Amino acid sequence: MISLSDIPARPSAWITLPMIVLAILLLATPWLLPAVGLYQYLGIEIAIWVAFALGFNLLFGYTGLHSFGHGAYLGIGAYAFGLFQQHVAVSLWGGLLAAVLAAGIAGALVGAFLSHRRGIYYALLTIGFGQIFWFLAMKLHRVTGGEDGLLGIPRPPLTLGPWQVALTDNRALFYFAAALLMIVVVLCWRLANSPFGRVLQAIRQNETRARVVGYEVWRFKWAVFTLSTMLAGLAGSLLAMAQQSAYPDVMSLHQSGLVVMMVLVGGGLVSFWGPLLGVVFYFVARDVLGGLTETWLLWYGLIFMAMVMLRPEGLAGMLHGLARRNPPLKTTAAPAPATEAA
Amino acid sequence: MIDLLPHIINGLTLGLLFALIALGFTLIVGVMEVINLAHGSLFAIGAYFALTVIGGGWFAGTPFGAWWLSLPLGLRYVLALAIGPALAGLAGMLLELCLRATYGKPPLYGLLLTFGAALVIEELIRLVWGTGEQNLALPQAINGAFLLNDMIFSTYRFFAAGFSIAAILAVWLFLERTSAGAVIKAGAHDSEMVRALGYDLARLRLLVFGFGAALAGLAGVVMVPIWGLRPHVGVDIVIPAFLIIVIGGVGSFWGAVIAALLVGLAMGITGAYAAAWATMSMYLLLIAVLGFRSRGLLGRKSALEN
């Protein structure tokens, strides 16, 4: 099986060809969506979840740390954004900052507890903490509105110096979300292909060896967890704006599992772009299968099970496999680290 | 001052039920090193089939159904106690066949596959039994309440707790005192050696998974009158089950039983003072225990840490 480190990267590049393609696609999305019979809001949803999933994959795909409670930080971001608008000031930048900080602080605290754990204990503790946050969101009625959620969150206008743009229209909000997404993409790419990113991949391949080589492994595990929760918080603030409300729903185990499923189906284990493929596949499956049958989740679940069994490297892995099969015979020996990774 | 004794007793009976749920879970983790996130869904399968056996379900309107419902409730209940777990066991075996694709890979894949299975089973339940809350009819003999020292207790809770104790002892005796149990434990310890001695490891795993799933189904039939039955009951129940496994130490039989009693006690006592926060107490217990013992109360080092 191929893995993330097998795919050649150009570490020096800030902007790569796929990013340019993505940017053009995002610019064109408001025209493309109606053309294929879809609606503007879908674009916002996809942008939010891609940002969330890319941050999540730094942890999941690159570092090999399996968080099953990441929905919690998405939710914390959404609540923090909403509470900031309602109790502090109606301000876009303030809300975004509050969301990123709140999710980041929660993530830093949880991460400090998690980072000395390995394997299944790590995964199980993330579920435990995720459930605690979900439970708090359900029970702290006065702050979060309990099961009804936090309602009536405004979409504050975007202010850039003297400029002011209203984001009440879904198309305007989409462009804002897309712009933030592009920043997240560049940031994640740079990080994944930096020395820091290499250490993360070393931890995935063999944590003990990374430690013996001299890295203080837990600091890296802590840093990447915190970072991914901050990005989740950012995505959460966009979600709060998109829905104009925040619900405990996104913090449930189900929703946390959803992002794991998206990333795996897309191929986050083998490709930087895997999460994007997975998110798009999920939403297209939801709208296409959902249009055909009430029980679309059953079919999506079966597709997911088949993927885990037959193609754990996901859509991106299948694409890479196709690309590898086509070029003329070239005896490519498996790269050395891959053989030891097993 | 609240009189704590009834809450402690209720907590302990709840703990015994949790132990019953965790029993199959810990068996599967111990032998197969698979964290079966679909365990709660197998619990739900057992309970939903019991519902159909007791209440008739889809065949209630047929002539056969009319005859069936004329049978005494006690008999139908006993049949449900057998058929529900048996069908859950079959479902578990089917799941094990799917899991074979993940053997030899990191434990994550087993976790993911069973997570997908949980989603699929939940949707299937919605499709077959509908989305509403349901109730299991109980025979007169185990229904109702009784007085003990001026305190009212639910008869069913005590029946279920007694049932759990019997099941825990039976599983323990099976593992410790039979040769099949010895092979299962050896399989958990050193699968290479077991294979070399001529045991069919694939069949062993199939049977263990089926047995663990049947225990989940049994827990479903017994627990659901207390816990309630709804399509997402699987997710509701798998959380306490796996918290108990982690608190007790992954793969430890008695660790799971002790942890289950602790969780039940914590919930019972929290329930006395702040009922809404009872569920929270088990997460706090998890963090408290893992803060001091990273492998849980009685856990040992295992492949699941890699």
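Remember, it's a predicted structure, so these values are computed and weren't measured experimentally.

1. A few points about the pairing of strand E2 (residues 151–154) of chain B
Residue and element names in this part refer to chain B.
Right, on to step 1. Residues Met151 and Phe153 of E2 are buried on one face, while the alternating residues Ile152 and Ser154, pointing to the opposite face, are not.
Right, on to step 2. The pairing of strand E1 (residues 145–148) with E2 spans four bridges and is classified as antiparallel. Among the inter-strand pairings, Leu147 is bridged to a residue of E2, identified as Ile152.
Right, on to step 3. Here E1 folds back onto E2, and the loop between the two strands holds two residues, one of which, Asn149, carries a positive phi near 50°.

2. A closer look at helix H12 (residues 274–292) of chain A
Right, on to step 1. Counted at 1.5 Å a residue, the expected span for H12(A) with its 19 residues is 27 Å, and the 26 Å between its end C-alpha atoms agrees.
Right, on to step 2. Within H12(A) the residues assigned to the buried category are A:Gly274, A:Pro275, A:Leu276, A:Gly278, A:Val279, A:Tyr282, A:Phe283, A:Ala285 and A:Leu289.

3. What to know about the packing of helix H8 (residues 195–205) of chain A against helix H10 (residues 217–243) of chain A
All names here are of chain A.
Right, on to step 1. Closest axis-to-axis distance for the H8/H10 pair is 10 Å, and the angle between their directions is 110°. If you check the angle between H8 and H10, you find them roughly perpendicular. Contact residues: H8 offers Phe196, Val199, Leu200 and Ile203, while H10 offers Val217, Phe220, Lys221, Ala223 and Val224.

4. Focus: the interface of chain A and chain B
Right, on to step 1. Taken together, the 39 residues of chain A in the interface contact 40 residues of chain B.
Right, on to step 2. Across the contact surface, chain A and chain B share zero salt bridges.
Right, on to step 3. Linking chain A to chain B there are three residue pairs in polar contact (both at pLDDT 80 or more).
Right, on to step 4. At the level of secondary structure, the elements contributing two or more residues to the side of chain A that touches chain B comprise helix H5 (119–139), helix H11 (253–266) and helix H13 (296–310) of chain A.
Right, on to step 5. When residues in the side of chain A that touches chain B are grouped by element, the largest group, 14 residues, is from H5(A).

5. Brief notes about the packing of helix H6 (residues 155–177) of chain B against helix H11 (residues 253–273) of chain B
Residues and elements named next belong to chain B.
Right, on to step 1. Remark: H6 packs on H11, axes separated minimally by 12 Å, with the N-to-C direction vectors making an angle of 170°. When the interaxial angle is binned, H6 and H11 end up roughly antiparallel. Judged by the twist between their axes, the crossing of H6 over H11 is left-handed. Taking contact as the criterion, the partners of Ile168, Val171, Trp172 and Leu175 in H6 are, on H11, Phe253, Trp254 and Val257.
Right, on to step 2. Within the contact of H6 with H11, the residues separate by chemical class into seven nonpolar, no polar and no charged.

6. Focus: the side chain of A:Thr126
All names here are of chain A.
Right, on to step 1. Secondary-structure assignment places Thr126 in helix H5.
Right, on to step 2. Here Phe68 takes part through its backbone nitrogen, which lies 3.0 Å from a polar atom of the side chain of Thr126.
Right, on to step 3. Setting aside anything within four residues of it in sequence, one finds Thr126 in contact with His66, Ser67, Phe68, Gly69, Leu114 and Phe225.

7. Some words on the confidence of the model for chain B
Right, on to step 1. With 97% of its residues at a pLDDT of at least 70, chain B reaches an overall mean of 85.
Right, on to step 2. The ipTM assigned to the predicted complex is 0.87, against a pTM of 0.87.

8. A word on a nonpolar patch on the surface
Right, on to step 1. On the surface, a cluster of nonpolar side chains totalling about 830 Å² of accessible area is made up of A:Trp14, A:Ile15, A:Leu17, A:Ile20, A:Val21, A:Ile24, A:Leu25 and A:Leu32.
Right, on to step 2. Among the structural elements, A:Leu32 can be located in helix H1 (residues 17–35).

9. Remarks on empty space enclosed by the protein
Right, on to step 1. Applying the stated criterion across every chain, the model contains two cavities of 30 Å³ or more.
Right, on to step 2. Counted as a void, the largest cavity has a volume near 90 Å³.
Right, on to step 3. In terms of lining residues, the largest cavity is bounded by A:Leu253, A:His254, B:Leu37, B:Gly40, B:Ser41, B:Phe115, B:Ala118, B:Leu119, B:Gly234, B:Val235 and B:Val238.
Right, on to step 4. Within the lining of the largest cavity, the residues separate by chemical class into seven nonpolar, four polar and no charged.
Right, on to step 5. Forming the boundary of the second largest cavity are B:Ser41, B:Ala44, B:Ala118, B:Ile121, B:Glu122, B:Ile125, B:Pro231, B:Gly234 and B:Val235.
Right, on to step 6. Elements supplying a minimum of two residues to the lining of the second largest cavity: helix H2 (39–55), helix H5 (107–129) and helix H10 (233–248) of chain B.
Right, on to step 7. In terms of residue count, H5(B) provides more of the lining of the second largest cavity than any other element does, four residues in total.
Right, on to step 8. Looking at the lining of the second largest cavity residue by residue, the classes come out as six nonpolar, two polar and one charged.

10. A look at the nonpolar core
Right, on to step 1. Ranked by size, the top nonpolar core spans 222 residues in total, and within it A:Trp49, A:Tyr73, A:Phe176, A:Phe272 and B:Phe18 carry the most contacts.
Right, on to step 2. Sort the elements by how many residues they give to this core and helix H2 (residues 40–62) of chain A lands first, with 16 residues.
Right, on to step 3. In contact with B:Phe18, other than residues within four places in its own chain, are B:Met223, B:Trp227, B:Pro240, B:Ile244, B:Ala260, B:Val263, B:Gly264 and B:Met267.

11. As for the pattern of salt bridges
As a working rule, side chains carrying opposite charge can pair if their charged atoms are close by.
All names here are of chain B.
Right, on to step 1. This structure, assessed with the given rule, holds twelve salt bridges over all chains.
Right, on to step 2. In this structure, Glu96 engages Arg100 in a salt bridge whose closest nitrogen and oxygen atoms are separated by 3.1 Å.
Right, on to step 3. A relative accessible area of 0% places Glu96 in the buried class.
Right, on to step 4. With its nearest N and O atoms 3.6 Å apart, the salt bridge here joins Glu123 to Arg126. Remark: Arg126 and Glu123 occur in helix H5; sequence separation between them is three residues, near one turn of the helix.
Right, on to step 5. The class for Arg126 is partly exposed, based on a relative accessible area of 28%.

12. Some remarks on the side chain of A:Ser256
Residue and element names in this part refer to chain A.
Right, on to step 1. Structurally, Ser256 is set in helix H11.
Right, on to step 2. Among the residues examined, Ser256 registers a relative accessible area of 1% and is labelled buried.
Right, on to step 3. Setting aside residues no more than four positions away along its own chain, Ser256 makes contact with Phe68, Gly69, His70, Gly71, Ala72 and Met251.

What counts as what
- Residues numbered from 1 in each chain as written.
- Chains lettered and ligands numbered in written order.
- Predicted model: local features only at pLDDT ≥ 70, side-chain atom pairs only at ≥ 80, totals over all residues.
- Heavy atoms only, no water.
- Buried < 20%, exposed > 50% of the residue type's maximum accessible area, 1.4 Å probe, protein only.
- Helix = DSSP H or I, 4+ residues; strand = E, 2+ residues; numbered from the N terminus.
- Pairing = 2+ DSSP bridges.
- Expected span 1.5 Å × (residues − 1).
- Axes fitted to C-alpha atoms, helices over the stretch in contact; angles between N-to-C directions.
- Parallel < 35°, antiparallel > 145°, perpendicular 65-115°, else oblique.
- Contact = heavy atoms within 4.5 Å.
- Salt bridge = Lys/Arg side-chain N within 4 Å of Asp/Glu carboxyl O.
- Polar contact = N/O pair within 3.5 Å; in protein donor to acceptor, adjacent residues only side chain to side chain.
- Left-handed = near helix turned anticlockwise from the far one by under 90°.
- Nonpolar A, V, L, I, M, F, W, Y, C, P; charged D, E, K, R; others polar.
- pLDDT = per-residue confidence, 0-100.
- Patch = residues over 30% accessible without salt bridge, like charges linked within 9 Å, V, L, I, M, F, W, Y side chains within 5 Å.
- Areas by Shrake-Rupley, 256 points an atom, 1.4 Å probe, with all protein chains shown as cover.
- 1 Å grid on protein atoms, 1.4 Å probe; cavity = no way out; pocket = protein on both sides within 12 Å on 5 of 7 lines; lining within 4 Å.
- Points joined across faces, edges and corners; volume = space filled by probe spheres on them.
- Core = buried A, V, L, I, M, F, W, Y, C linked by side-chain atoms within 4.5 Å.

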